Amino acid sequence: MSASDSVTPAALDNAPELISLGQEEFAFLVDNIPQLVWITDPQGNHTYFNQRWVDYTGYTVPMSVGPDMWNNLLHPDDQQRARQVWGHSLATGDYYRIEYRFKGKQGGYRWFLGQALPRRDESGRIVSWFGTCTDIEEQRQMREQLEAAYSDLEAKVMFRTLDLEREVQELQRQLGAK
């Protein structure tokens, strides 16, 4: 089979060992990559979370499935925006991308980049969504530090410019007095 060949469901019916191997590889992959992995039905109801989700949130998969559990773990300031962005993707099939803060089992929040793509059937209908949440806490902290440093530098430049303008005015006054 070449890389361009696709495996059809009918072909898989005749290869139970391939299905088993695929499930084992999928479980290994999604439980060991450094992201929270999730799957929803076409309406956005979560049907799957990987082990990293369980480890981070403290909620088991059965406790986590459904339409709103994930949103309840978001920082209150992020919940409405997250509902809007996710609702837009569900309604349009558009790529889902958002930064938000998830509450961990210790009670603190960390920034995550949420992303998802729809899986479509042959007729183009969405049959599920596959998504990940990548921890971006360190990147957010660095961005905030850079923004603070830039603001500080801007203020220093402004004050130095004012000082220089005063010095120039004083020199002009002294030259005009001669």
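### What about a nonpolar patch on the surface?
A contiguous nonpolar patch, built from Met 158, Phe 159 and Leu 162 and spanning about 300 Å² of accessible area, is present on the exposed surface. Along the polypeptide, Phe 159 turns up in helix H7 (residues 137-177).

### What about the pattern of salt bridges?
Close approach of charged atoms allows side chains with opposite charge to pair. Tallying each qualifying case throughout the model produces seven salt bridges. Put simply, Arg 125 and Asp 121 hold a salt bridge, and the shortest N to O gap is 2.8 Å. For Arg 125, a relative accessible area of 56% translates into the label exposed. Across the pair Glu 170 and Arg 173 runs a salt bridge whose closest N-O atoms are separated by 2.4 Å.

### Some words on the packing of aromatic side chains
This structure, assessed with the given rule, holds ten aromatic pairs. Here Trp 38 and Tyr 96 contribute two aromatic rings whose centre-to-centre distance is 6.2 Å and whose plane-to-plane angle is 80°, an arrangement assigned as edge-to-face. One end of the pair, Trp 38, is in strand S1 (residues 35-40); the other, Tyr 96, is in strand S3 (residues 96-103), with 58 residues separating them in the sequence. Given a relative accessible area of 1%, Tyr 96 falls into the buried group.

### Describing the pairing of strand S2 (residues 46-49)
Side-chain positions along a regular strand alternate between the two faces of the sheet. Pairing analysis gives three bridges linking S1 to S2, with the strands arranged antiparallel. By the bridge assignment for S2, Ile 39 is matched with Tyr 48. The antiparallel hairpin formed by S1 and S2 contains five residues in its connecting segment, where Gly 44 sits at a positive phi of about 95°.

### Examining the sheet that holds S3
The strand order across the open sheet formed by five strands is S2-S1-S5-S4-S3, and the pairing between neighbours is antiparallel. With one partner strand each, in any of the chains shown, S2 and S3 form the two edges of the open sheet. With direction set aside, neighbouring strand axes in the sheet form an average angle of 25°. Helix-sheet contacts for helix H6 (residues 76-92) involve S1, S3, strand S4 (109-120) and strand S5 (126-135), and the interaxial angle to S3 is about 150°.

### What about the pairing of S4?
Of the strand pairs in this sheet, S3 and S4 are connected by eight bridges, and their pairing is antiparallel. By the bridge assignment, Phe 102 is partnered in S4 with Arg 110. Hairpin remark: S3 followed by S4, antiparallel, with five residues in the connecting loop; positive phi at Gly 107, about 100°. Across nine bridges, S4 lies against S5 in antiparallel orientation. From the neighbouring strand, Pro 118 faces S5, where its bridge partner is Trp 129.

### Observations regarding the confidence of the model for the chain
Interpretation of the predicted coordinates at a detailed level should be avoided for regions scoring low in pLDDT. The pLDDT averaged across the chain works out to 84; a share of 85% of its residues lies at or above 70. In this model residues 1-12 is a low-confidence stretch, pLDDT under 50, and it forms four contacts with partners more than four residues away in sequence or in other chains.

### Some remarks on empty space enclosed by the protein
Inspection of the entire model under this criterion finds one cavity of 30 Å³ or more. Computed from the structure, the largest cavity encloses a volume of approximately 70 Å³. Considering the residues around the largest cavity, the lining is formed by Trp 38, His 46, Phe 49, Trp 53, Trp 70, Trp 86, Tyr 96, Tyr 100, Phe 102 and Cys 133. Contributions of two or more residues to the lining of the largest cavity are made by S2 and S3.

The rules behind the values
Positions within a chain are numbered from 1, following the residues in the order the chain's sequence is written. Predicted model: local features are reported for residues with pLDDT of at least 70 only, side-chain atom pairs are reported and counted for 80 or more only, and whole-chain, interface and lining totals are derived from all residues. To get the side-chain values, take all heavy atoms of the structure and skip hydrogens and water. Each patch is assembled from residues with relative accessible area greater than 30% and no salt bridge, linking like charges that lie within 9 Å and nonpolar side chains (Val, Leu, Ile, Met, Phe, Trp, Tyr) that lie within 5 Å. Working definition of accessibility: Shrake-Rupley area with a 1.4 Å probe, residue cover restricted to the visible protein chains. Note on definitions: salt bridges are taken to be side-chain nitrogens of Lys or Arg within 4 Å of carboxyl oxygens of Asp or Glu. Counting from the N terminus, the helices are the DSSP runs of H or I reaching at least four residues and the strands are the DSSP runs of E reaching at least two. Each residue is placed in one exposure class: buried if its accessible area under a 1.4 Å probe, protein chains only, is under 20% of its type's maximum, exposed if it is over 50%, and partly exposed if it falls in between. Classification of ring pairs rests on two measures: the distance between centres of Phe, Tyr or Trp rings, Trp counted by its six-membered ring, which must be within 6.5 Å, and the angle between planes, read as stacked under 30 degrees, edge-to-face over 60 and tilted in between. What makes two strands pair is DSSP finding at least two bridges between them. Only the stretch in contact is used when a helix axis is fitted, and all axes are lines through C-alpha atoms; the angle between N-to-C directions ranges over 0 to 180 degrees. Two residues form a contact once any of their heavy atoms are found within 4.5 Å. A score from 0 to 100, pLDDT tells how confident the predictor is in each residue. Using a grid of 1 Å spacing that covers the protein atoms alone, one calls a set of points a cavity when a 1.4 Å probe fits there but cannot get out, and a pocket when the set is open and has protein on both sides within 12 Å along at least five of seven lines; lining residues are those with an atom within 4 Å of a point. Grid points are joined across faces, edges and corners, and a volume is the space filled by probe spheres set on the points.

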